[in-house]
Amino acid sequence: MSQKKIKIECLQCGVCCYFFDISTLNKPQFERCKHLRDDGKCANYENRPKVCRDFQPDEICVLISTLSFEDKIKVLKKIYGVK
Ligand code: SF4
Ligand code: SF4
């Protein structure tokens, strides 16, 4: 029996646009992307790089959704094994 994957909507918390390094944007890890707007949306949405297009919201987004931004980062560091 095949299991249907539930589609998880982006909650526009902006954490992934801070947490990951994105070489095509010259964005180091733990630096806010210059395209990230204050409302959590991407100001470069139509031209965002492939790595951003390919990134899909997942269960982790839901898991951390009620946490503060700082605590979201702490949890992601643990999940991804980053010091
Ligand atoms: S961490 Fe998840 S919910 Fe937050 S902006 Fe990125 S994809 Fe969206
Ligand atoms: S280009 Fe847009 S989607 Fe990609 S990291 Fe920056 S703000 Fe986020």
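Residues numbered from 1 in each chain as written. Chains lettered and ligands numbered in written order. Predicted model: local features only at pLDDT ≥ 70, side-chain atom pairs only at ≥ 80, totals over all residues. Heavy atoms only, no water.

> Quick question: what am I supposed to make of the packing of aromatic side chains here?
Two measures describe an aromatic ring pair: the distance that separates the ring centres and the angle between the ring planes. Tallied over the entire structure, the rule returns seven aromatic pairs. Taking 6.2 Å as the distance between ring centres and 45° as the angle between the ring planes, the aromatic pair formed by Y18 and F30 counts as tilted. Of this pair, Y18 sits in helix α1 (residues 16-19) while F30 is found in the loop between α1 and α2 (50-54), placing the two residues 12 residues apart along the sequence. Ring plane angle 90° and centroid distance 5.4 Å describe the contact between F20 and Y80, whose orientation is recorded as edge-to-face. With a gap of 60 residues between them, F20 in the loop between α1 and α2 and Y80 in helix α4 (residues 69-80) connect regions that are remote in the sequence. Since its relative accessible area comes to 22%, F20 is described here as partly exposed. With a relative accessible area of 40%, Y80 lands in the partly exposed category. (Phe/Tyr/Trp six-rings, centres within 6.5 Å; stacked < 30°, edge-to-face > 60°. Helix = DSSP H or I, 4+ residues; strand = E, 2+ residues; numbered from the N terminus. Buried < 20%, exposed > 50% of the residue type's maximum accessible area, 1.4 Å probe, protein only.)

> Teacher, can you tell me more about the site of ligand 2 here?
Residues in close proximity to ligand 2 include C17, I22, L25, C33, H35, L36, C42, P49 and C52, which together make up its full environment. Of the residues that constitute the shell around ligand 2, the class distribution is eight nonpolar, one polar and no charged. (Near = heavy atom within 4 Å. Nonpolar A, V, L, I, M, F, W, Y, C, P; charged D, E, K, R; others polar.)

> Please clarify how the nonpolar core should be interpreted in this entry.
Across soluble globular proteins, nonpolar side chains show a tendency to be buried alongside one another. In terms of nonpolar packing, the biggest core is built from six residues, these being V15, F19, I60, I64, I73 and L76. Among all residues touching I73, those that are not within four sequence positions of it are V15, Y18, F19 and F30. (Core = buried A, V, L, I, M, F, W, Y, C linked by side-chain atoms within 4.5 Å. Contact = heavy atoms within 4.5 Å.)

> Just checking my understanding: could you explain the site of ligand 1 for this structure?
The local shell around ligand 1 consists of C10, L11, Q12, C13, G14, C16, F55, P57 and C61. Residues that form the shell around ligand 1 fall into these classes: seven nonpolar, two polar and no charged.

> Sorry if this is basic, but what is going on with unusual backbone geometry here?
Residues other than glycine predominantly adopt negative phi, and peptide bonds predominantly adopt the trans conformation. Residues other than glycine seldom take positive phi values, yet Q12 does so here, at roughly 55°. Tracing the chain through its elements places Q12 in the segment before α1. Judged by its relative accessible area of 35%, Q12 is partly exposed. Even without being a glycine, F30 presents a positive backbone phi close to 60°.

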